[in-house]
Amino acid sequence: VQLQASGGGLVQPGGSLRLSCAAFGFTFSSYSMGWFRQAPGKEREFVAGISWSVGTTYYADSVKGRFTISRDNAKNTVYLQMNSLKPEDTAVYYCAARLLKAVVVSTVGYDYWGQGTLVTVSS
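An account of the accompanying structure is given in this report. In this text the structure is predicted, and so the values were computed from the model without any measurement. (Residues numbered from 1 in each chain as written. Predicted model: local features only at pLDDT ≥ 70, side-chain atom pairs only at ≥ 80, totals over all residues. Heavy atoms only, no water.)

Glancing now at the overall build of the chain. A tally of helices and strands in the chain yields zero helices and 11 strands. Counting from the amino terminus, the chain carries its helices and strands in the arrangement β-β-β-β-β-β-β-β-β-β-β. Relative to the compact-globule value of 14 Å for 123 residues, the chain shows a C-alpha radius of gyration of 13 Å, a close match. Taking the principal axes of its C-alpha atoms as reference, the chain extends roughly 40 × 25 × 25 Å. Within the chain, the fraction of its 123 residues that count as buried is 42%. In the chain, of all internal contacts separated by at least 6 residues, the share reaching a separation of at least 24 is 58%. Of the accessible surface of the chain, which amounts to about 6,100 Å², a share of 49% is contributed by carbon and sulfur atoms. Taken together, the 11 basic and 7 acidic charged side chains of the chain have centroids lying 4 Å from each other. (Helix = DSSP H or I, 4+ residues; strand = E, 2+ residues; numbered from the N terminus. Rg over C-alpha atoms; globule rule 2.2 N^0.38 Å. Buried < 20%, exposed > 50% of the residue type's maximum accessible area, 1.4 Å probe, protein only. Contact = heavy atoms within 4.5 Å. Areas by Shrake-Rupley, 256 points an atom, 1.4 Å probe, with all protein chains shown as cover. Lys, Arg positive; Asp, Glu negative; His and termini not counted. Charge placed at Lys NZ, Arg CZ, Asp CG, Glu CD.)

In structure tokens:
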């Protein structure tokens, strides 16, 4: 079982990035997926989630209107499109999977985690 996050990098304020998280070794379509992030010296926080059943999406207030989460069950991949990036979006971004349950904002309750990909927003 593995989640591989990719797509991070250095981007200027106002720029865009798309993160991907590929799943291996489990039935991806049965899992709600979440994106979390952790900035230096801070706790890991919820960014966005998408449910396993009908694909309902959820966002933290800090990213609403700028980030979009989506999933492609045929490719076993979840995406996070990040637009209008701000320096405060700088963090390591993690994807997580939760079997047959709704998206939750807590880190507790997710079954699998990816290794993280670093996003740096700076001029």
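From this point, things continue past the structure.
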